[in-house]
Amino acid sequence: MSADQTSIVPFYQPPEERRNASVSVTDYVMMEVARRIIDGQYAPGQRLVEAELTQDLRVSRSSVREALRRLQINRFIRLEPNRGATVATPSREEIVAQFRVREVISGLSARAAAERIGLPGHRQIVQQLLRDVDEQLARNLQTSHRPENGRFHRAINEMSGIADIGSLLDQFNFPILHTIYFRDLSHERWLQDMSDHFDIARAIYHGDPDAADHFAKRHMHSMVDIAVEIAERLEKPPRAKSRL
């Protein structure tokens with residue numbers, strides 16, 4: 001079953017981009033609540049009361065209810081009978097389980113792409129991916145990593161020839177962790193991502209399914225400890241700002 005694509009929460013946006021005429025009320029509520037969770041304004045386990053959100057955001061209750069439904073699909077919150085909405089933070093066990101599935105799917109995608117490298121245009125696509133990695137490193141384009149990362153993995157998924165493999169990966173993801181990862185990305189981690197992308201693309205280019213599978217799985221496995229650290233950080237109350 002594919003994910004409800006209308007429900008996917010857009011990734012973190014700065015304050016000036018949050019509300020404009022082209023964004024529906026429900027989308028605005030969804031993005032604003034997601035932002036507050038990511039920024040620590042809403043703590044893990046905290047209840048989100050529909051009436052309070054309606055008053056605070058000055059929107060209808062139906063818009064809040066639909067936004068919460070979408071946020072649950074994206075694992076930002078949990079909706080529980082007789083309790084309503086609460087902020088969700090994935091446990092270590094949930095994160096490890098999700099990434100084990102993502103490892104398998106990512107490895108399969110890279111393997112299939114390597115097996116199909118001889119198809120018209122595929123080798124040229126991978127050559128461009130390798131050139132893009134070199135250019136990003138040469139120009140130190142760390143701030144462009146999120147869209148470039150998405151483009152890299154989409155290209156491999158499309159070359160795999162496996163229908164909906166990208167949607168399948170989305171189903172085994174925690175958008176809140178994904179968003180914070182790119183927002184707080186360190187230079188060292190960015191360099192590691194670039195190295196991983198180079199290894200994956202090179203293996204695909206040379207038509208080596210075993211190596212492509214290995215490097216893709218290694219890349220995904222390396223994310224586990226980072227995701228757990230982010231989840232643990234979310235559980236800590238934010239520090240009070242100094243008045244000095």
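As shown above, the structure is provided for reference.
Residues numbered from 1 in each chain as written. Predicted model: local features only at pLDDT ≥ 70, side-chain atom pairs only at ≥ 80, totals over all residues. Heavy atoms only, no water.

1. Focus: the overall build of the protein
Counted only if it meets this: Each helix is a run of DSSP H or I of at least 4 residues and each strand a run of E of at least 2, with the numbering of both proceeding from the N terminus. Throughout, exposure labels follow a simple rule: accessible area from a 1.4 Å probe, protein chains only, divided by the maximum for the residue type, with under 20% read as buried, over 50% as exposed, and the rest as partly exposed. What makes two residues a contact is simply this: any of their non-hydrogen atoms within 4.5 Å. Note that accessible areas follow from Shrake-Rupley with a 1.4 Å probe, and for residues the cover is restricted to the protein chains shown.
Check the secondary structure of the protein and you find 11 helices and three strands. Mapped from its N terminus to its C terminus, the protein presents α and β elements in the order α-β-α-α-β-β-α-α-α-α-α-α-α-α. Within the span of the protein, comprising 244 residues, buried residues form 44% of the whole. Within the protein, contacts between residues separated by at least 24 positions form 73% of all contacts whose residues are at least 6 apart in sequence. A total of about 13500 Å² of accessible surface is found on the protein, and carbon and sulfur atoms cover 51% of it.

2. Details of the sheet that holds strand β2 (residues 77-80)
Cut-off, in case you're wondering: Should DSSP find at least two bridges between two strands, the strands are taken to pair. Here an axis means a line fitted to C-alpha atoms, over the contact stretch when the element is a helix, while the angle between two N-to-C directions is reported on a 0 to 180 degree scale.
One open sheet holds the three strands; their spatial order is β1-β3-β2, and the pairing between them is antiparallel. In this open sheet, the two edge strands, each paired with only one partner strand, are β1 (47-48) and β2. Bridge count between β1 and strand β3 (residues 84-87): two bridges; the pairing is antiparallel. Among the inter-strand pairings, R47 is bridged to a residue of β3, identified as T86. Across the sheet, helix α3 (residues 61-73) lies against β1, β2 and β3, angled at about 115° from β2, the strand it touches most.

3. Concerning the packing of helix α2 (residues 50-57) against α3
For clarity, the cut-off: By convention the crossing between two helices is left-handed if the near helix lies anticlockwise of the far one by an angle smaller than a right angle, and right-handed if it lies clockwise. Amino acids outside the nonpolar list (Ala, Val, Leu, Ile, Met, Phe, Trp, Tyr, Cys, Pro) and the charged list (Asp, Glu, Lys, Arg) are all regarded as polar, and Gly is one of them.
Their axes nearest at 9 Å, the elements α2 and α3 cross at an angle of 115°. As for how α2 packs across α3, the hand of that crossing is right-handed. Across the interface between the two elements, E50, A51, L53 and T54 of α2 pack against R61, V64, R65 and L68 of α3. Tallied by class, the residues present in the contact of α2 with α3 amount to four nonpolar, one polar and three charged.

4. Structural notes on the packing of aromatic side chains
As a reminder, the rule being used: Here is the rule: rings of Phe, Tyr and Trp (six-membered ring for Trp) pair when centre to centre is within 6.5 Å. Planes less than 30 degrees apart are stacked, more than 60 are edge-to-face, and the remainder are tilted. In this scheme, Lys NZ or Arg CZ marks a charge over a ring once it lies within 6 Å of the ring centre and within 35 degrees of the ring normal.
Going through the model one piece at a time under the given rule, you end up with one aromatic pair. With centroids separated by 5.1 Å and ring planes inclined at 80°, the aromatic side chains of Y181 and F182 adopt a geometry described as edge-to-face. Overall, Y181 belongs to the buried group, its relative accessible area being 9%. The ring of F174 has R75 lying over it, and the distance from NZ or CZ to the ring centre is 5.5 Å.

5. Here's the deal with the side chain of N149
Within the fold, N149 resides in helix α6 (residues 145-160). A relative accessible area of 10% places N149 in the buried class. When neighbours within four sequence positions are excluded, N149 is seen to be in contact with F182 and H197.

6. With respect to the pairing of β2
Inspection of the sheet shows β2 paired to β3 by four bridges, in the antiparallel sense. Directly across from R78, in β3, lies its bridge partner T86. Linking β2 to β3, which pair antiparallel, is a turn of three residues; within it N82 sits at a positive phi near 70°.

7. Observations regarding the pattern of salt bridges
This is how the line gets drawn: Here, a salt bridge means any Lys or Arg side-chain nitrogen found within 4 Å of an Asp or Glu carboxyl oxygen.
Under the criterion given, the structure shown has 26 salt bridges. The closest approach of N and O atoms between R111 and D210, which form a salt bridge, is 2.9 Å. You can see R111 sitting in helix α4 (residues 92-115) and its partner D210 sitting in helix α10 (residues 209-221), a full 99 residues away along the chain. The exposure class of R111 is partly exposed, given its relative accessible area of 25%. Put simply, E229 and R233 hold a salt bridge, and the shortest N to O gap is 3.2 Å. Here E229 pairs with R233, and both are found in helix α11 (residues 223-235), just four residues apart, close to one helical turn. Among the residues examined, R233 registers a relative accessible area of 36% and is labelled partly exposed. If you follow the salt bridges from partner to partner, you end up with E32, R35, R36, D39, D56, R183, D184, E229 and R233 in one network.

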